[in-house]
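Chain and residue survey
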Amino acid sequence: MSFAGRLVSGVGIILALTLLILVIAAERSLRHDLESDTIRTLEREARLVREALPADSNAWQATVTRVAIQTGSRITIIDGTGRVRADSDIPTDSLSFLQNHAHRPEVRTALAGHTGTDVRSSVSVGRPLTYLAIPGGPGVIRLAANRNPLGQIVRRARGAMAGAALLALTIGVLAALAVARSISRPLLAIGSAARDISGGVTPRFPASNVPEIRDLVSSLRQMDRQLTERFAALKREQSESASLIDAMIEGVLAVDEQGHIITANGAARRLLGFSDESTLPDLAELFRSPPGRQLAGAILTGQPARGRQLEFGGRTLLVNGRPFEQGGAVLVLHDLTELRRLEAVRRDFVANVSHELKTPLTSITGYAETLLEAPPDGTTAERFLRTILTNAHRMQRLVDDLLDLARIETGHWQPAPAGVNPVEIAAECQAEFTDRANARGVSLTIEALPGTEQMQTDPAALRQILTNLLDNALRYTPAGGIVECRIEREPAAITVIVADSGAGIAEEHLPRIFERFYRVDPGRSREEGGTGLGLAIVKHLVEAQGGQVDVVSSLGQGTTIICRFPA
């Protein structure tokens, strides 16, 4: 049952019980008051009859008959033996047939000298009467009043009170219904507002004149405001945390106690080879290698994992895991693949530099020791000194190239673009290698197509690029070969091309020729005096200016290096 129904039912029951009690109490009080008033009236009339009763007993019947007509009461004269001497309702000739009244309660009390009363149905007249008897006359003067009018009065009063009670009950129930509705409507609205709050919908709060409900609405409104602020703060923190996790270069995985992956940032998906839309498998299925399964088992049993290395999809991952107190865990994945590659490059670099420096140092040391221990003749000494100087220059070139490459890679060198004529710079570089090309029997030419007379680039960088490419091409081109430098115009680029007719490069070596110290024919390169850094410097100088370097080559067909600079 609803609140309004319970309130109306409760008020109706209380009002009904209250009105019933009031009606019963009023009826009894009225009946008692009427009976008391009747007895007082009868006693007053009895005293009047006692004063008006003549001394002649023969006149008693007429006297009581006359007085009875005036008062409306039945009057009976009884002697001391209980015999009826006169009665207003009984003829004189029938008095002898009446029973002796000495044992009647009121008569017995009156004969004892007191006023006696009784209420009963009369045997003589056959109707209910109220009797009152006082000492007087020959013994007792008794008056009796009909009780039927008193009952009628009580019944009429009872009907009136019942009608008034019914009307009061109806008005009370209607008032209770109105009050219940005025209370239940705001309460229903408050319940609806509470459901809206729990559902994340903007609530509508009711207005009420009831202070308690008004206070409740105020508290609920304040709670909604505080919850909204807290939810907003939680969403903001959650968004910030999600953004931070997504921005991390480390992969982050969150798993529940069953091993289901519930959160994975973009870095983790990339490391594990999954797209943003794909569903990740459980942790135990994700890491299928024995070390991976061991790691997953340890994490799911609540054991932390620190510094575990796993091989996954050709990558080396460093995994750190920490379990949650409520179950589940978070794993952080570090990709060590590039670090391992850089370590290998560093080792190779150290080994290559050591090897490159070892050969000239050995020559310098050997020839210098020979000059000191057994000085040769002038011609031999000069030859030894030239060898020492050549190897010193070779070491100097290696150090200079290393320094240049280091400045470019660390960002300490920044290009200074300017409007230059690449054809002029190419001609200058050609002049530096003309004697060398002629000595080797190699044709060195420059070709510039229309529209290439002007470009924006760092002139020193372009000069070094052309110098390294021409030097490298001459080194690998045999006698009778051709080295050609072409400058072409593309829609969005100026292209500098250096092509030779040398032995060419096998396909498996092409991806690595721009690496430092990488040589297709290490022995021959050292004989020619190369440092192994020329192409690496070219690649970094071109890319630092927003360009791109490509190579086209095959065995026996020569090599072509293509440098594209943004127009």
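Note that the structure is predicted; figures quoted are calculated from it, not measured. (Residues numbered from 1 in each chain as written. Predicted model: local features only at pLDDT ≥ 70, side-chain atom pairs only at ≥ 80, totals over all residues. Heavy atoms only, no water.)

1. Side note on the nonpolar core
Side chains of nonpolar character tend, in soluble globular proteins, to be buried together. Rules: Put simply, buried Ala, Val, Leu, Ile, Met, Phe, Trp, Tyr and Cys residues joined by side-chain atoms within 4.5 Å make one nonpolar core. Residue exposure (1.4 Å probe, protein chains only): buried if accessible area is under 20% of the type maximum, exposed if over 50%, otherwise partly exposed. A helix here means a DSSP run of H or I that spans at least four residues, while a strand means a run of E at least two residues long, and both kinds are numbered starting from the N terminus. Two residues qualify as a contact provided that any one of their heavy atoms is within 4.5 Å of a heavy atom in the partner residue.
Counting residues in hydrophobic clusters, the biggest one holds 42 residues, and the most contacted among them are I465, L466, L469, C563 and F565. When contributions to this core are tallied by element, the ones reaching two or more residues are helix 10 (378-409), helix 11 (422-440), helix 12 (459-476), strand 14 (482-490), strand 15 (493-500), helix 14 (534-544), strand 16 (548-553) and strand 17 (559-566). Here this core takes 8 residues from helix 12, the largest share from any one element. Not counting the four nearest positions on each side in its chain, F565 is found in contact with M455, T457, L462, I465, A492, A493, I494, V496, V542 and Q545. With 22 residues, the next largest nonpolar core counts A264, L286, F312 and L317 among its residues.

2. Brief notes about the side chain of T559
Quick note on the threshold: Polar contacts, as counted here, are pairs of nitrogen or oxygen atoms within 3.5 Å of one another; within protein the pair requires one atom able to donate a hydrogen and one able to accept it, and residues that are adjacent in sequence qualify only if both atoms are side-chain atoms.
Within the fold, T559 resides in strand 17. A polar atom in the side chain of T559 sits 2.9 Å from the side chain of S553. The contact partners of T559, leaving out residues within four places of it in the chain, are V498, A499, D500, G504, I505, V551, V552 and S553.

3. With respect to helix 8 (residues 290-300)
To keep things clear, this is the line we draw: The arc in question is the one spanned by the directions pointing from the helix axis to the C-beta atoms.
All of the buried residues in helix 8 are G292, L295, A296, A298 and I299. Buried residues of helix 8, viewed axially, fall in a sector of 165 degrees; they line one side. For helix 8, the exposed residues lying more than 90 degrees away from the buried face are P290 and Q294. On the buried face of helix 8, the contacting elements are helix 7 (283-286), strand 8 (305-312), strand 9 (315-323) and strand 10 (329-335). Immediately downstream of helix 8, the backbone of G302 shows phi near 90 degrees, a positive value.

4. Focus: the environment of P105
By the element assignment, P105 lies in helix 3 (residues 105-111). Judged by its relative accessible area of 33%, P105 is partly exposed. Counting along the chain gives 107 residues from P105 to E212, while the straight-line C-alpha distance between them is 65 Å. With residues up to four places along the chain from it excluded, the contact list for P105 reads D118 and R120.

5. As for the sheet that holds strand 2 (residues 84-87)
Applied cut-off: Paired strands are those between which DSSP finds at least two bridges. Interaxial angle, 0 to 180 degrees, is taken between N-to-C directions of lines fitted to C-alpha atoms, where a helix line uses only the stretch in contact.
The antiparallel open sheet is built from 5 strands, whose spatial order is 2-1-5-4-3. Every interior strand has two partners, whereas the edge strands, strand 2 and strand 3 (116-121), have only one. Sheet twist, expressed as the mean angle between neighbouring strand axes with direction ignored, is 20 degrees. Bridging between strand 4 (residues 128-136) and strand 5 (residues 139-146) involves 8 bridges; their strand directions are antiparallel. Each residue of the ladder has a partner; that of G136, found in strand 5, is G139.

6. Comments concerning the pairing of strand 8
A regular strand carries its side chains on alternate faces of the sheet. In the sheet, strand 8 pairs with strand 9 via 6 bridges, with the strands oriented antiparallel. Paired with A305 across the bridge in strand 9 is G321. Linkage of strand 8 to strand 9, two consecutive antiparallel strands, is achieved through a turn of 2 residues, within which G313 is found at a positive phi near 55 degrees.

7. Description of the packing of aromatic side chains
The condition is simple: Planes of paired rings set the category: under 30 degrees apart is stacked, over 60 is edge-to-face and the rest tilted, where pairs are Phe, Tyr or Trp rings (Trp by its six-membered ring) whose centres lie within 6.5 Å. Note on geometry: a ring has a charge over it if NZ (lysine) or CZ (arginine) is within 6 Å of the ring centre and within 35 degrees of the ring normal.
Here the structure, examined in full by the defined rule, presents 0 aromatic pairs. Between the NZ or CZ atom of R120 and the centre of the ring of Y131, over which it lies, the distance is 4.2 Å.

8. Section: the packing of helix 12 against helix 14
Heads up, the rule is: The scheme is simple: roughly parallel for angles under 35 degrees, roughly antiparallel for over 145, roughly perpendicular for 65 to 115, oblique for anything else. Each crossing gets its hand from how the near helix is turned against the far one by less than a right angle, where anticlockwise is left-handed and clockwise is right-handed. The residue classification treats Ala, Val, Leu, Ile, Met, Phe, Trp, Tyr, Cys and Pro as nonpolar and Asp, Glu, Lys and Arg as charged. All others, Gly included, are polar.
The N-to-C vectors of helix 12 and helix 14 enclose an angle of 150 degrees; their axes lie 9 Å apart at closest approach. Taken as axis vectors, helix 12 and helix 14 run roughly antiparallel relative to one another. Classified by chirality, the crossing of helix 14 by helix 12 is left-handed. In this structure, helix 12 contributes A461, Q464, I465, N468, L469 and N472 to the contact, and helix 14 contributes G534, L535, I537, V538, L541 and V542. Partitioning the contact of helix 12 with helix 14 into residue classes produces 8 nonpolar, 4 polar and no charged.

9. Quick look at the pairing of strand 4
Counting buried positions along strand 4 gives 7 out of 9 residues, so the element sits mostly inside the fold. Of the strand pairs in this sheet, strand 3 and strand 4 are connected by 6 bridges, and their pairing is antiparallel. Residue pairing for strand 4: T117 is matched across the bridge by L132. Taken together, strand 4 and the strand that follows it, strand 5, pair antiparallel across an intervening segment of 2 residues, in which G137 is found at a positive phi of about 65 degrees.

10. Focus on the sheet that holds strand 12 (residues 443-448)
In space, the 5 strands of this open sheet follow the order 12-14-15-17-16, with mixed pairing throughout. The open sheet has two edge strands with one neighbour each: strand 12 and strand 16. Strand after strand, the sheet turns through a mean of 15 degrees between neighbouring axes, direction not considered. Bridge count between strand 15 and strand 17: 8 bridges; the pairing is antiparallel. Bridge pairing links V496 to C563 in strand 17. In the packing of helix 11 onto the sheet, contacts are made with strand 12 and strand 14, and the angle to strand 12 comes to roughly 175 degrees. Across the sheet, helix 12 lies against strand 12, strand 14, strand 15 and strand 17, angled at about 20 degrees from strand 15, the strand it touches most.

11. Re the environment of L143
Mapped onto the fold, L143 is located in strand 5. In the structure, L143 is positioned 31 residues away from A112 in sequence and 17 Å away in space, judged by C-alpha atoms. In this view, L143 contacts L42, E45, A46, S73, R74, I75, T130, Y131 and L132; residues no more than four positions away in its chain are not counted.

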